[in-house]
Amino acid sequence: MRKVKEMQNKESIVLETTKQDSETSDQKWSWVEATIWTDRMLAALGNGVQGGKWYSLIDKVYRPTTLKAAWAKVRANRGTAGIDGQSVSKFERHAARYLDELRGALIEGSYRPASVKRVEIPKGQGQMRPLGIPTVKDRIVQAAVKMVVEPIFEATFVEHSYGFRPQRGAKDALREVNRLIKEGYHYVVDADLKCYFDTIPHEGLCARLQERISDKQVLALMDGWLKQKVVTETENWTPVRGSPQGAVISPLLANLYLHPLDLQMKESRYCMVRYADDFVVMCKTEQEAQAALEDICKWVEANGLTLHPGKTHIGDCRIEGQGFDFLGYRFEAGEKRIRKKSWTKLTDRIREKTRRCRGDSIVMIINDLNPMLRGWFNYFKHAKLQTLTRVDGMVRRRLRAILRKQQKRPGRGITLADHKTWPNTYFAALGLFTLKEAHGLASRSR
């Protein structure tokens, strides 16, 4: 009787463990497109496929359900028109016909990507960032391919990579940095890859793709996107390196190319935290940090990339002046501060929305400010309270200046009389979002 009970207990434990493993697996792959990734295919991700390579994928790309799901993603992201001038709204008018045409071209093998329109957007501090804009049709095909191949690579990617990955994000990366600092990892390698997206070697990237994918048609699509002609207002060229920022497939390809570096850091037991091309290596000693940087330099050089000499350094983040910037924050002297560039970007946006010559009512201006302030707080709420109150003060001061202007009394809104005429409670009654109050509420709820 006792043996029977022991066997029943063991069976119960096995069943419970199996159930938990199944639930964990379901949660891990809950983001995949169910019409593509069946239970059988997901099981193959865990168990492996013959030769480690995936064949016969193109039929999943041009399925009507896949293209329809890809179009839904592109439509949700909106974005501007590509080189052909066709916007998302124009495509939407005849979406069914265009999707059918795309499917036919993919089946026949006649699909050819159009040129990429290259524009420049402000990067901060007077610098510009190049952005490649594919056509809507190319974005749909890229999204379809991404839905098919992304799980294949996700199954191999390491835990310390957070950028542009399903169920992961910047906040997760910041939490990991916080955890490591608390555990005594104070010596930090702050590395910056120079023009990473524009300098990824095509040959090496294609080799990484071929390690896991053997479908020639899917590989040909990838190769075609890498070699898309780039067009600006004054020139055009065919790139021999890089993957354009702005392309749907580029973040996945960027992560794939750095995957071997991730593996090397993990095998060497370095605590790396990477978000796309921005990464830090957290160490307990300066010697360990020096060794990590040497390994990174060797890998970067061997793989055709370049570290930015002025932005790559080692520091003890406990010491003033030796901190590091990561994902909008600055970690220095035991504090979590706002990075200067992040602060400048916020204040510029506040100034833009609170110009004294703006003709809208104060209520309309507050309603325009609130979503921006709320979003900024949700990301930067762990910064010093003093910084948050500075934002509140700046916003109210500029609103008071607008109110003076509306009364035909020019001024900056900083006098005691201004504060008495329009106290903080006045703006609170109009519904102005304040970071200090939100911080207090968030602190009480923790």
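Here, every reference points to the structure presented above.
Residues numbered from 1 in each chain as written. Predicted model: local features only at pLDDT ≥ 70, side-chain atom pairs only at ≥ 80, totals over all residues. Heavy atoms only, no water.

## Side note on the overall build of the protein chain
Here's step 1: Looking only at helices and strands, the protein chain has 19 helices and 11 strands in total.
Here's step 2: Referenced to the eigenvectors of the C-alpha coordinate spread, the extents of the protein chain come out at roughly 80 × 65 × 55 Å.
Here's step 3: Counting only residues that meet the buried cut, the protein chain has 44% of its 446 residues in that class.
Here's step 4: Look at the contacts in the protein chain between residues 6 or more apart in sequence, and 70% of them connect residues 24 or more apart.
Here's step 5: Summed over its atoms, the accessible surface of the protein chain is roughly 24,000 Å², and 50% of this surface lies on carbon and sulfur atoms.
Here's step 6: The protein chain carries 76 positive and 52 negative side-chain charges, and their two centres are separated by 7 Å. (Helix = DSSP H or I, 4+ residues; strand = E, 2+ residues; numbered from the N terminus. Buried < 20%, exposed > 50% of the residue type's maximum accessible area, 1.4 Å probe, protein only. Contact = heavy atoms within 4.5 Å. Areas by Shrake-Rupley, 256 points an atom, 1.4 Å probe, with all protein chains shown as cover. Lys, Arg positive; Asp, Glu negative; His and termini not counted. Charge placed at Lys NZ, Arg CZ, Asp CG, Glu CD.)

## Things to note about the nonpolar core
Here's step 1: Of all hydrophobic cores here, the largest spans 77 residues; its most connected members are Trp 37, Trp 71, Ile 140, Val 145, Val 149, Tyr 196 and Val 281.
Here's step 2: Per-element accounting of this core gives the leading share, 11 residues, to helix H7 (residues 136–154).
Here's step 3: Sequence-distant contacts of Ile 140, that is, excluding residues within four places in its chain, are made with Leu 67, Ala 70, Trp 71, Val 74, Phe 91, Leu 99 and Leu 102.
Here's step 4: Listed in part, the 49 residues of the second largest apolar core include Val 280, Phe 331, Ile 365 and Phe 377. (Core = buried A, V, L, I, M, F, W, Y, C linked by side-chain atoms within 4.5 Å.)

## So, the sheet that holds strand S9 (residues 324–326)
Here's step 1: Pairing is antiparallel across the open sheet formed by 3 strands, whose spatial order is S9-S10-S11. Lying at the two open borders of the sheet, with one neighbouring strand each, are S9 and strand S11 (335–338). Sheet twist, expressed as the average angle between the axes of neighbouring strands with direction ignored, equals 30 degrees.
Here's step 2: Pairing geometry for S9 and strand S10 (residues 329–332), over 3 bridges, is antiparallel. Residue pairing in the sheet places Phe 326 in a bridge with Tyr 329 of S10. (Pairing = 2+ DSSP bridges. Axes fitted to C-alpha atoms, helices over the stretch in contact; angles between N-to-C directions.)

## Overview of the packing of helix H10 (residues 202–212) against helix H12 (residues 250–267)
Here's step 1: Two numbers describe how H10 lies on H12: the axes approach to 10 Å, and their chain directions differ by 85 degrees. Classified by the interaxial angle, the pair formed by H10 and H12 is roughly perpendicular. In this structure, H10 contributes Gly 204, Leu 205, Arg 208 and Leu 209 to the contact, and H12 contributes Leu 253, Leu 256, Tyr 257 and Pro 260.
Here's step 2: For the contact of H10 with H12, the per-class residue count stands at 6 nonpolar, 1 polar and 1 charged. (Parallel < 35°, antiparallel > 145°, perpendicular 65-115°, else oblique. Nonpolar A, V, L, I, M, F, W, Y, C, P; charged D, E, K, R; others polar.)

## Concerning unusual backbone geometry
Here's step 1: At Arg 78, a position not held by glycine, the phi torsion is positive, near 55 degrees.
Here's step 2: Structurally, Arg 78 can be placed in the loop between helix H4 (64–77) and helix H5 (88–93).
Here's step 3: Positive phi, normally seen in glycine, also occurs at Leu 327, with a value near 55 degrees.
Here's step 4: The residue Leu 327 is located in the loop between S9 and S10 in this model.

## Brief notes about the state of the cysteines
Here's step 1: The full count for this structure, using the stated rule, is 0 disulfides.
Here's step 2: Not part of a disulfide, Cys 195 finds its nearest cysteine sulfur in Cys 297, a span of 17 Å.
Here's step 3: There is no disulfide at Cys 283, and the cysteine sulfur nearest it, in Cys 271, is 7.5 Å away.
Here's step 4: Owing to a relative accessible area of 0%, Cys 283 belongs among the buried residues under this scheme. (Disulfide = S-S within 2.5 Å.)

## So, the sheet that holds strand S7 (residues 278–283)
Here's step 1: An order of S6-S7-S3-S8 is seen for the 4 strands of this open sheet, with the pairing classed as antiparallel. A single partner strand is all that each edge strand has here, and the edge strands are strand S6 (271–275) and strand S8 (313–316). For this sheet, the mean angle separating the axes of adjacent strands, direction not counted, is 20 degrees.
Here's step 2: Examined bridge by bridge, strand S3 (residues 187–192) and S7 share 6 bridges and lie antiparallel to one another. Its bridge partner lying in S7, Ala 191 is registered against Phe 279.
Here's step 3: Where H12 meets the sheet, its contacts fall on S6 and S7, and the angle it forms with S6 comes to roughly 170 degrees.

## Let's talk about the pattern of salt bridges
Here's step 1: Within this structure, the stated rule accounts for 25 salt bridges.
Here's step 2: One salt bridge in this structure joins Asp 262 and Arg 274, with 2.7 Å as the shortest N-O distance. One end of the pair, Asp 262, is in helix H12; the other, Arg 274, is in strand S6, with 12 residues separating them in the sequence.
Here's step 3: A relative accessible area of 2% means that Asp 262 is categorised as buried.
Here's step 4: Across the pair Arg 358 and Asp 360 runs a salt bridge, and its minimum N-O distance is 2.8 Å. (Salt bridge = Lys/Arg side-chain N within 4 Å of Asp/Glu carboxyl O.)

## Some thoughts on the pairing of S10
Here's step 1: Connecting S9 to the antiparallel partner S10 that follows it, the hairpin turn spans 2 residues, and Leu 327 within it adopts a positive phi of roughly 55 degrees.
Here's step 2: Relative to S11, S10 runs antiparallel, the two being bridged by 4 bridges. Bridged to Phe 331 within S11 is Lys 336.
Here's step 3: Hairpin geometry of S10 and S11 is characterised by an intervening segment of 2 residues between the two adjacent antiparallel strands and by a positive phi of about 50 degrees at Ala 333.

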